[in-house]
Amino acid sequence: MKNSIKSLIAAVLLVNLLLAGASSAFAITLSEREVRLMNGISIFLERKPEGPALRPIETAMKSSNPALRGLAALILFRHYGDAFRSQLLRNFTLNQSVERFVADKKTLVKIENVDRLLAGYQPLLEKFKDERVRQLFLFYHFRHKQVYMLGASEERLSLAAFYRVGLFEQILGASHDVIALASAADR
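As the structure is a computational prediction, the values presented were derived from the model and not from experiment.

Quick word on the packing of helix α4 (residues 66–80) against helix α9 (residues 159–172)
The relative placement of two packed helices is expressed as an angle between their axes plus a distance between the axes.
Piece 1. Between α4 and α9, whose axes approach to 11 Å, the crossing angle comes to 35°. Our pair here, α4 against α9, has a crossing hand that is right-handed. For the pair α4 and α9, the contacting residues are L74, F77 and R78 in the first and L167, F168, I171 and L172 in the second.
Piece 2. In the contact of α4 with α9, the residues fall into six nonpolar, no polar and one charged.

This is how it looks when you write it as structure tokens:
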């Protein structure tokens, strides 16, 4: 009996270690339900959600998935303003002391190889109906993976920072200084 309990505890610890290692091997993942929810609420990037339309956005804000929370925060900030500024900044930070998120070791990719890198994500990205949601997913993926483009003169640019600024520009650019927002998110 005592040996079986020790074996069981050892097995549970081993499984936990394997799961912890596996979770850092993959970037964010989305279930089919989460993809449908993202596609469903993406229409509110243009249209202000009101009444019952706020329910799926509230569901997304409560999700454990950072991409869902980020999309909801972006929608709410765009249409309801500064009341949701802190959620936007927290969900789009690259600073781990502001928002705890798992991040791999930095990876450098030569700028000429970025297209090949992105080609591997095409099947997943095609599930999203809106190009901006694809960019949002790539922001969270590369935030986790910490992938940096390496330029010809050895300059480095975070792909997460690149996608974040592009996304902010497309959605908030007419009414906000997107560089200032990105900078504020990292403070």
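Digging into the side chain of N39
Piece 1. With respect to the helices and strands, N39 occurs in helix α2 (residues 32–41).
Piece 2. Reaching out from N39, the side chain makes a polar contact with the backbone nitrogen of K129 at a distance of 2.9 Å.
Piece 3. Filtering out sequence-adjacent residues up to four positions away, N39 remains in contact with K127, F128 and K129.

Quick notes on the environment of I41
Piece 1. Among the secondary structure elements, I41 is positioned in helix α2.
Piece 2. Along the backbone, I41 and A60 are 19 residues apart, and their C-alpha atoms lie at a distance of 8.8 Å.
Piece 3. With residues up to four places along the chain from it excluded, the contact list for I41 reads P56, I57, A60, L71 and I75.

Thresholds, definitions, all that
- Starting afresh in each chain, residues are numbered from 1 along the sequence in its written order.
- Owing to the predicted nature of the model, reporting of local features is limited to residues with pLDDT of at least 70; listing and counting of side-chain atom pairs is limited to 80 or more, with chain, interface and lining totals taken over all residues.
- Only hydrogens and water are set aside; all other atoms, that is, all heavy atoms of the structure, feed into the side-chain values.
- To define axes, lines are fitted to C-alpha atoms, for helices over the stretch in contact only, and angles between the resulting N-to-C directions are given on a 0 to 180 degree scale.
- Helix and strand assignments come from DSSP, with helices taken as H or I runs of at least 4 residues and strands as E runs of at least 2, each series counted from the N terminus.
- By definition, any crossing whose near helix is turned counterclockwise from its far helix by less than a right angle is left-handed, and any crossing with a clockwise turn is right-handed.
- In this analysis, two residues are considered to be in contact whenever any of their non-hydrogen atoms come within 4.5 Å of each other.
- Classification used: nonpolar for Ala, Val, Leu, Ile, Met, Phe, Trp, Tyr, Cys and Pro, charged for Asp, Glu, Lys and Arg, polar for all others including Gly.
- N or O atoms closer than or at 3.5 Å make up a polar contact, with two conditions inside protein: a donor-capable atom paired with an acceptor-capable one, and, for residues adjacent in sequence, both atoms drawn from side chains.

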